[in-house]
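Per-entry structural report
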Amino acid sequence: MFSKRPPPEEERRVRANDREYNERFQYASNCIVTSKYNVLTFLPVNLFEQFQEVANTYFLFLLILQLIPQISSLPWFTTIVPLALVLSITAVKDATDDYFRHKSDNQVNNRQSQVLIPGSLQNEKWMNVRVGDIIKLENNQFVAADLLLLSSSEPHGLCYIETAELDGETNMKVRQSVPVTSALGDSNNLATFDGEVVCEPPNNKLDRFSGTLYWRDCKCVLTNQNMLLRGCVLRNTEACYGLVIFAGPDTKLMQNSGRTKFKRTSIDCLMNTLVLWIFCFLVCMGVILAVGNAVWEKEVGSLFQSYLPWDPPVDNFMFSAFLSFWSYIIILNTVVPISLYVSVEVIRLGHSYFINWDRQMFCSQCLTAAEARTTTLNEELGQVEYIFSDKTGTLTQNIMSFNKCSINGQVYGEITDPLEPKPKVELPKFLLTTFNPLADPEFCFYDAGLLESVKVGEPRTHDFFRLLSLCHTVMSEEKSEGELLYKAQSPDEGALVTAARNFGFVFRSRTPGTITVSELGRPVTYSLLAILDFNNIRKRMSVIVRDPQGRIRLYCKGADTLLMERLHAGSQDLMNVTSDHLNEFAGDGLRTLALASRELTEEQWEDWAESHRAADTAADLREERLAAAYEQIEQHMTLLGATAIEDKLQEGVPETIAILSLANIKIWVLTGDKQETAVNIGYSCKMLTDDMGEVFIVNGHTVQSVRQELRSVYLTLYFIVHACLTLWITAVFALVISGHSLAHALEADMEAELLMTACACKAVICCRVTPMQKALVVELIKKHKKAVTLAIGDGANDVSMIKSAHIGVGISGQEGIQAVLASDYSFAQFRFLQRLLLVHGRWSYLRMCRFLCYFFYKNFAFTMVHFWFGFFCGFSAQTVYDQYFITLYNILYTSLPVLAMGIFDQDVPDRRSLEYPKLYEPGQLNLLFNKREFFICISQGIYTSLVLFFVPYAVLSHASQDTAEPLADYQTFAVTTATALVIVVSVQIALDTGYWTIINHVFVWGSLGLFFSIMLAMHSQTLFSSSPNQFHFVGSAQSTLLQPVVWLTIALATVICIVPVLAFRFLKLDLKPQLSDTVRYTQLVRQKKRKAVCFRARGGSRRSGYAFAHQEGFGELITSGKNMRLSSLALASFASRHSSSWIDTLRKKKHSHAPTPPGAASGDSNKWIKLLAFSPTQAVPQLHWPCAALPYLDLLENTTRVALYICPPSLVIVQVFAVRAALGTCQSLRRNCIFANYFVLQQFYRCVRISIKLWK
């Protein structure tokens, strides 16, 4: 492990069958080592890592101080026992993790492989394979290293691989050897092979490889299509041979398994700051007591020098104070929590298991459970403000179905009622006869006109489906005659090839140079001249083929925005019609592609092939030159049509987004789809609604146009929001921005304007964005907003976004597992996100905050007693407690109850957390644990220490035993104070625990019982007899606890400590209750009411349904965001008083600037005043309104008063009926606070519109 690492490579040279030559370069062996330790290095390396933690180093320093007799007044074990416990727990955890790494490494390294060692194949372990060796692979074997494919048992040097371990994709991919080596089919020929490969150095790019093979005066360009990467599995190929290029840690698989970016929660950062503050506070206390020691020794201690001299090293009061400072640092060290970090990790581990075990986040369709892939971010799940989501496969199912198409300006695809069953049987039943026996029976698209067009031989229709059957990278597997199985790299390609198959153009098979298609039952083989592959920049794919008649054609499919720019000028009319069709398809939420073709002459093909060959063999800038060559040939194409594929929403997506929006979480969708498709999906999943004030679209192509559009949107938002605030109306907005506009907006001089505009909107949709732009958008929010971000996606293009966000969530969908491997949490459906955040995230944040508050409280209550005692012991650094009590306080007496609270506690059940999303907001605002809460809990701890010291001191100093002997001795005082401390902190955690389990009861009361048992044992005669120097308090506990005055003192101290806490909490609950308090109270009242209903039902009495609804309505009050201490009547009257001022102002303006309303005499003012006093909450008094609707009813009430004022008396009845309709809607929907708010607001807007219309 300490060997010198070789210098970084600039290029790699590998010679086949020549180990001596290759060993000169010191290439890595094929042995994989992912473990960190071995038997010899575990102890020193692990201890070195642990002492890099500041807390552990601090306590090691204290231990060293305790070994100095002149400083320490505590034995060494009071520090070494807790420190050793913490180090041991961490070491055991690290050793267990490393054991499994060793086990995995051994399993992989000992796999067998056939290696060609001089002239013959021999079995070798993977760890013994070297760079330059030639390996034979057989079907279904794993690839041992990164190999250059030399030959294969398949024709043309082909082989098929599965790359599930690399990218999660289970479809087969094809690889091909270079022509000069494909003929070396057996080991005898390969034994004489001595070719040399010059290639790029090791890197982590899975989809790229660049190199050159030199052999027998031949120079062959090598690409990724010639490579078999470690981790792949050979499929459907009898055998193949490969040359090892990269081995062990240099393989691309291992290069991609490096450490991910370490993510730290905001609570972690705050804890580090607070521990630093506590340490500074400890130093201040040490300085105060040291100064006190100097003053005492100078003024008082000097009087006792004759019979109580200083210890030999001390010769003056200043040196005594110096030693006293370090002594008090040792005594008061417990104020810095040594076990805090270990306890936090244990709690987080428990929370992670709860996520893994949650049956409600288990997907029964794919048998996938939720998984917490990290244990460090659980409480961060309760503080998320921004969610960045992919669309395809995340919000949608990523199961594609061919829905519509446009061919030569004609739209095909029958419009059917979505509630009616689709004609799944009609198409296969017809096509499986003589027309197309190879049709897929599961295909459900049907259009009689399109089928007729195929049968009559329409040329454009045939070209359309011929393109779909040729322009792809799908692999075909024919299990039996006529039974085809397509394996596509994306669901889109599979759907398109299947559509061509069902309309008579059946893709049958392919070789590296040919594609075989069955066209209307006639087999046709095309020569494949070139594949211009798809990537995220080109966003299109092309193939160049030669048909049996010798004609050369280019077929291209891709994004319409890029394809339309490359069409022939004569296609303008067709392009306009097809563009309209594309917009219609996108408006229906369909995924669209444009299709085009071009006929090439032999001269054009030969010229382009030469330029393509030069770009392909270029030593530098190969990718850029290839892109330029592709751009050259993909011009002057003829438009054939367009396709539209449906990708349905996942189950529960609209409801999840609605609930998360109510939790004040902003959702941004970042997708590569068209703008129209993205907007339509936004409406489908309720991100965008018709009630939004405006949906702004930014679609500029230049820097100036994007800047102008952003400023225009922001100014519009500013004026609308201020106008709504004036009228007490709330309005929400959405922003849609395209990828080319986003590229300009993300520039440094414009990102502030983008941020202001986007953050003012409730929903943001970014369309046509690249994976890098997704990550940049997330980084923008992280950089400028103090908010927790979460990114969720399912594909490899989402990995950068997932890694950039505070929390990354991967969905195990149709696009492999790369997103899952890069994520912190994973599950199968987007709808599980609401439970992950609103239940597990909120609970984790709540538990961690309560744990930290109590942890700091109990440590300060314990430690500060020593500080007060210092003023009464001449600042001599003596301790109050027994040394064993000091050692066991944080290990046994108080550790388990706080762990139980941190793991199991909850304020409301999970169902209530989902019913009331507003409960999530305290985490976003960081209300439960912050610097203010920290100072409150340590203030309570200091207050408790004052009581625990001075109450026993005051009582025992004048108390006496039954025998008239005084109780004012040191040991009695120590036992009394320690007992009172344990009882007080136990009662306090009992008050702090909101959810009791059997484990909580065992830990809380068991710890209390354990304290008494250990204390009585420590003070027993047996232990004193065995070691009198260690157990000084013999008999103290027994004699002290038998005194009634001691128990009265303990009870008095407990009451004085606890009663103020209870009083404060009751007052807070009554005057300023939290949302969770109201939910718990509502739940309690509901339970009592149900019992009362059941009891009365037995007696035969009847209850009013409205009375029962009133109780339901009280439970929904919390979604209004109002102060929960106001009753509904008080709230209504408050709103009336508050609103009178602007109504009176409006009345005065009306009288002074406008004529009297028609039909109203001037003497009718009293009548109008009575009408203005109309209140909707009083109009139908027998109804019991859902309190969640009260704020909107107040708005409705005020608007009604104005409407009654500005309308003629003859039309007043219209307004009354409108109000009654609104109130009726509230009553009918009283059980659902979310929809009650929505419909009441709708009625409010309707009332406003009626008022304006009637006034006009």
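A quick note: this is a predicted structure, and the numbers were derived from the prediction, not measured.

On to the overall build of the chain, then. Along its length, the chain carries 46 helices and 33 strands. Taken over 1256 residues, the chain has a buried fraction of 52%. In the chain, the proportion of contacts linking residues at least 24 apart, taken out of those at least 6 apart, comes to 74%. Counting only carbon and sulfur atoms, one obtains 58% of the accessible surface of the chain, whose full area is about 57,100 Å².

Okay, the sheet that holds strand S3 (residues 120–125) next. Ordered in space as S3-S2-S4-S13-S5-S11, the six strands form an open sheet in which the pairing is antiparallel. Two strands bound the open sheet, and with one partner strand each, they are S3 and strand S11 (227–228).

Before going further, it helps to spend a moment on the nonpolar core. Core analysis: the largest hydrophobic core is formed by 103 residues, its most contacted members being Leu340, Phe851, Leu852, Phe856, Tyr881, Phe885 and Leu981. For this core, the leading source of residues is helix H28 (residues 832–870), giving 18 residues.

Bringing the packing of H28 against helix H29 (residues 883–893) into the picture now. Put simply, H28 and H29 touch, their axes get as near as 11 Å, and they point 165° apart. In terms of their interaxial angle, H28 and H29 are classed as roughly antiparallel. For the pair H28 and H29, the sense of crossing is left-handed. In this structure, H28 uses Lys858, Asn859, Phe862 and His866 to contact H29, whose residues at the interface are Phe885, Ile886, Tyr889 and Asn890. A per-class count over the contact of H28 with H29 returns four nonpolar, three polar and one charged.

Looking along a regular strand, one sees the side chains alternate between the two faces of the sheet. Taking burial as the measure, the five residues of strand S27 (residues 666–670) include five buried ones, the bulk of the element. Side-chain alternation along S27 places Lys666, Trp668 and Leu670 on one buried face and Ile667 and Val669 on a second face that is also buried. By the bridge criterion, four bridges tie strand S15 (residues 384–389) to S27 in an arrangement that is parallel. Bridge pairing in S27 links serine 389 to valine 669. Bridge analysis of S27 against strand S30 (residues 763–767) gives four bridges, and the strand direction is parallel. Residue pairing in the sheet places valine 669 in a bridge with isoleucine 765 of S30.

Quick look at the pattern of salt bridges now. Per the counting criterion, the structure on display carries 47 salt bridges. With its nearest N and O atoms 2.9 Å apart, the salt bridge here joins arginine 591 to aspartate 492. Of this pair, arginine 591 sits in strand S25 (residues 591–600) while aspartate 492 sits in helix H15 (residues 491–502), placing them 99 residues apart in sequence. In this structure, glutamate 915 engages arginine 911 in a salt bridge whose closest nitrogen and oxygen atoms are separated by 3.2 Å. You can see glutamate 915 and its partner arginine 911 sitting in helix H31 (residues 910–915), four residues apart, about one turn around the helix. By sharing partners, the salt bridges in this structure join Arg538, Arg540, Glu565, Arg566, Glu631 and Glu634 into a single network.

Take unusual backbone geometry next. Phi is positive for lysine 539, close to 55°, though the residue is something other than glycine. In this structure lysine 539 comes out as partly exposed when scored by relative accessible area, which is 22%. A positive phi angle, near 55°, is found at asparagine 926, a position not held by glycine. A relative accessible area of 26% means that asparagine 926 is categorised as partly exposed.

Strand order in this open sheet of nine strands is S14-S33-S32-S31-S15-S27-S30-S29-S28, and the pairing throughout is mixed. Two strands close off the open sheet at either side, each with one partner strand: strand S14 (371–372) and strand S28 (694–698). Here S15 runs beside strand S31 (residues 788–793); their pairing, made up of five bridges, is parallel. Within S31, the position partnered with phenylalanine 388 by the bridge is alanine 791. The sheet strands contacting helix H21 (residues 675–684) are S28, strand S29 (733–738) and S30, and the helix crosses S30 at an angle near 150°.

Residues separated by three or four positions in an α-helix point in the same direction, a consequence of the helix having 3.6 residues per turn. End to end, helix H34 (residues 970–992) covers 33 Å across 23 residues, agreeing with the expected 33 Å (1.5 Å per residue, within 8%). With 19 of its 23 residues buried, H34 lies for the most part within the structure. Measuring from the backbone nitrogen of glutamine 971 back to the side-chain oxygen at the start of H34 gives 3.2 Å, which picks out aspartate 969 as the cap.

Attention now moves to the packing of helix H20 (residues 653–662) against H28. Running from N to C, H20 and H28 cross one another at 25°; their axes reach a closest spacing of 9 Å. Comparing their axes, H28 and H20 come out roughly parallel. Like other packed secondary-structure pairs, H20 and H28 cross with a definite hand, here left-handed. Taken together, the residues of H28 that come into contact with H20 (itself represented by Thr656, Ile659 and Leu660) are Leu833, Gln834, Leu837 and Leu838. Classifying every residue of the contact of H20 with H28 gives five nonpolar, two polar and no charged.

Let us now look at a nonpolar patch on the surface. Where nonpolar side chains cluster on the molecular surface, the patch consists of Ile288, Phe871, Phe872, Leu946, Phe950 and Tyr953 and spans about 520 Å² of accessible area. Topologically, isoleucine 288 is positioned in helix H9 (residues 266–299).

A few words on the packing of aromatic side chains. A full pass over the atoms with the stated rule returns 56 aromatic pairs. Note on phenylalanine 696 and phenylalanine 733: the rings are 6.0 Å apart at their centroids and 35° apart in plane angle, and the pair reads as tilted. With phenylalanine 696 in strand S28 and phenylalanine 733 in strand S29, this residue pair connects regions lying 37 residues apart in the sequence. Note on phenylalanine 696: relative accessible area 9%, which makes it buried. Exposure remark for phenylalanine 733: the relative accessible area of 2% places this residue in the buried category. Ring plane angle 10° and centroid distance 5.1 Å describe the contact between phenylalanine 862 and tyrosine 881, whose orientation is recorded as stacked. Within this pair, whereas phenylalanine 862 is found in helix H28, its partner tyrosine 881 is found in the loop between H28 and H29, the two being separated by 19 residues in sequence.

Looking now at the environment of leucine 715. By secondary structure assignment, the location of leucine 715 is in helix H22 (residues 703–726). Judged by its relative accessible area of 47%, leucine 715 is partly exposed. Each C-alpha atom, one on leucine 715 and one on threonine 757, is 9.1 Å from the other, the two residues being 42 residues apart in sequence.

The end-to-end C-alpha distance of H15 is 16 Å, a good match for the 16 Å that twelve residues give at a rise of 1.5 Å each. The buried count for H15 comes to eleven of twelve residues, which makes it a mostly enclosed element. Inspection of H15 places Asp492, Glu493, Gly494, Ala495, Leu496, Val497, Thr498, Ala499, Ala500, Arg501 and Asn502 among the buried residues, and these make up the whole buried set. Positive phi appears at glycine 504, one or two residues downstream of H15, with a value of about 100°.

Here the focus is the side chain of serine 823. Position of serine 823 relative to the elements: it lies in the loop between helix H27 (818–821) and strand S33 (825–827). In this structure serine 823 touches Arg373, Ile802, Gly808, Val809 and Gly810, once residues within four positions along its chain are discounted.

Looking now at the environment of tryptophan 868. Positionally, tryptophan 868 belongs in helix H28. Looking at tryptophan 868, the relative accessible area reads 16%, which means it is buried. Residues tryptophan 868 and serine 945 lie 77 residues apart in sequence; the distance between their C-alpha atoms is 8.3 Å. Each residue touching tryptophan 868, except ones within four places of it in the same chain, is listed here: Ile942, Ser945, Leu946, Phe949 and Phe950.

Inspection of the secondary structure assignment puts lysine 666 in strand S27. Through-space distance from the C-alpha of lysine 666 to that of lysine 762 is 6.0 Å; in sequence the pair is 96 residues apart. Ignoring sequence-local partners within four residues, the contact set of lysine 666 consists of Glu385, Tyr386, Ile387, Cys759, Cys761 and Lys762. A polar atom in the side chain of lysine 666 sits 2.4 Å from the backbone oxygen of cysteine 759.

For the rest of this paragraph, the subject is the side chain of aspartate 447. Along the chain, aspartate 447 falls in the loop between helix H12 (426–431) and helix H13 (448–455). Within the structure, the side chain of aspartate 447 is placed 3.0 Å from the backbone nitrogen of glycine 449, a separation counted as a polar contact.

When pLDDT drops low, the exact placement of atoms in the prediction is not to be read closely. Here the chain shows a mean pLDDT of 80. Residues at 70 or above account for 82%. Within the model, the stretch residues 415–433 combines pLDDT values under 50 with 20 contacts to residues more than four positions away or in other chains. Throughout residues 1095–1242 the model reports pLDDT below 50, and contacts reaching past four residues in sequence, or to other chains, amount to 183 contacts.

What counts, and at which threshold
- Residues numbered from 1 in each chain as written.
- Predicted model: local features only at pLDDT ≥ 70, side-chain atom pairs only at ≥ 80, totals over all residues.
- Heavy atoms only, no water.
- Helix = DSSP H or I, 4+ residues; strand = E, 2+ residues; numbered from the N terminus.
- Buried < 20%, exposed > 50% of the residue type's maximum accessible area, 1.4 Å probe, protein only.
- Contact = heavy atoms within 4.5 Å.
- Areas by Shrake-Rupley, 256 points an atom, 1.4 Å probe, with all protein chains shown as cover.
- Pairing = 2+ DSSP bridges.
- Core = buried A, V, L, I, M, F, W, Y, C linked by side-chain atoms within 4.5 Å.
- Axes fitted to C-alpha atoms, helices over the stretch in contact; angles between N-to-C directions.
- Parallel < 35°, antiparallel > 145°, perpendicular 65-115°, else oblique.
- Left-handed = near helix turned anticlockwise from the far one by under 90°.
- Nonpolar A, V, L, I, M, F, W, Y, C, P; charged D, E, K, R; others polar.
- Salt bridge = Lys/Arg side-chain N within 4 Å of Asp/Glu carboxyl O.
- Expected span 1.5 Å × (residues − 1).
- Polar contact = N/O pair within 3.5 Å; in protein donor to acceptor, adjacent residues only side chain to side chain.
- Patch = residues over 30% accessible without salt bridge, like charges linked within 9 Å, V, L, I, M, F, W, Y side chains within 5 Å.
- Phe/Tyr/Trp six-rings, centres within 6.5 Å; stacked < 30°, edge-to-face > 60°.
- pLDDT = per-residue confidence, 0-100.

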